[in-house]
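Structure assessment
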Amino acid sequence: LQVTFAAGGLTLQYTLAADDLATLSFGSGTTVSAGTGAIALSGAAIDARLASFTGASFRADVLRSLGLTDARGNDGGRLDPDCLEGAICVGDVNVAGTVRIGNTDMVPLDIRAVGRIAGSDVRLLATGNVTLEGVGRVSQIVASGNLSIRSVLRDIALLGGAVVEGGTVRLAAGANIAG
């Protein structure tokens, strides 16, 4: 079983308005359970901060990589300023296996994690900022094996008492690591 959410995953027979993006957005309280299967998310922007995901593995990818100075769309004003085009924002992810956020050829500009992410091997990769900041609680990333958080050109921010824990933990940033 695989549960896939792919905004922009179909060829349209018409042209989208200039400010329309293939946005994947989950409302408050959304729960996605894949049982023993995988979960895969993709879109121009992914806002899953208020959602919870459980399954065997989890993957989230953007549709295209943006540069630090590129204009970022807000989907006609529907996106939160903290999670614009090129961003992957997640809430709770609890899987038995791997968690991959931004580990393909299309690297997100920013990653914002606000809940608890847990798996056997967890890897987060962004061009810009990676921020762990719980909303009303502590943000955690826990791996029973390897945990890797990487920002190619910007910062990693562990805010509000954020916790990173793993058998092997590696944080690497092009600029600052703070928290």
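Please read all numbers here as calculations on a predicted model, not as lab measurements. (Residues numbered from 1 in each chain as written. Predicted model: local features only at pLDDT ≥ 70, side-chain atom pairs only at ≥ 80, totals over all residues. Heavy atoms only, no water.)

As a further point, take the environment of aspartate 75. Note that aspartate 75 resides in the loop between strand 6 (57-62) and strand 7 (87-95). Exposure remark for aspartate 75: the relative accessible area of 7% places this residue in the buried category. Between the alpha carbons of aspartate 75 and glutamate 85 there is a distance of 7.8 Å; along the sequence they are 10 residues apart. Once you skip the residues sitting within four places of it in the chain, aspartate 75 turns out to touch Asp19, Asp20, Leu21 and Thr23. In this structure the side chain of aspartate 75 is engaged in a polar contact, spanning 2.9 Å, whose partner is the side chain of arginine 78. (Helix = DSSP H or I, 4+ residues; strand = E, 2+ residues; numbered from the N terminus. Buried < 20%, exposed > 50% of the residue type's maximum accessible area, 1.4 Å probe, protein only. Contact = heavy atoms within 4.5 Å. Polar contact = N/O pair within 3.5 Å; in protein donor to acceptor, adjacent residues only side chain to side chain.)

Bringing the sheet that holds strand 1 (residues 2-6) into the picture now. Two pairing modes exist for strands in a sheet, parallel and antiparallel, and in both the strands are linked by backbone hydrogen bonds. On the basis of which strands lie adjacent, the open sheet formed by 7 strands has the order 1-4-6-8-11-14-17 and parallel pairing. Since the sheet does not close on itself, it has two edges, and those belong to strand 1 and strand 17 (168-173), each with one partner. Across the sheet, the mean angle separating the axes of adjacent strands is 5 degrees when strand polarity is ignored. Summarising the sheet, strand 14 (residues 146-151) and strand 17 pair through 6 bridges and their orientation is parallel. Residue pairing for strand 17: serine 151 is matched across the bridge by alanine 173. (Pairing = 2+ DSSP bridges. Axes fitted to C-alpha atoms, helices over the stretch in contact; angles between N-to-C directions.)

To continue, consider the state of the cysteines. For the coordinates displayed, the defined rule picks out 1 disulfide. The partner cysteine of cysteine 83 in its disulfide is cysteine 89, sulfur to sulfur 2.3 Å. The sign of the 120 degrees torsion about the S-S bond sets the cysteine 83-cysteine 89 disulfide as right-handed. As far as the burial class goes, cysteine 83 and cysteine 89 line up, both buried. (Disulfide = S-S within 2.5 Å.)

Our next topic: the packing of aromatic side chains. This model, assessed by the stated rule, comprises 3 aromatic pairs. Ring centres of phenylalanine 5 and phenylalanine 26 lie 5.1 Å apart, and the angle between their planes is 80 degrees; on these two criteria the pair is classed as edge-to-face. Taken together, the residues span a long stretch of sequence, with phenylalanine 5 in strand 1 and phenylalanine 26 in the loop between strand 2 (23-25) and strand 3 (31-33) at a distance of 21 residues. Note on phenylalanine 5: relative accessible area 27%, which makes it partly exposed. Judged by relative accessible area, which is 8%, phenylalanine 26 ranks as buried. Ring centres 5.3 Å apart and planes at 90 degrees place the aromatic pair phenylalanine 26 and phenylalanine 53 in the edge-to-face group. Taken as a pair, phenylalanine 26 in the loop between strand 2 and strand 3 and phenylalanine 53 in strand 5 (residues 45-55) lie far apart in primary sequence, 27 residues in all. The class of phenylalanine 53 is buried, set by a relative accessible area of 0%. (Phe/Tyr/Trp six-rings, centres within 6.5 Å; stacked < 30°, edge-to-face > 60°.)

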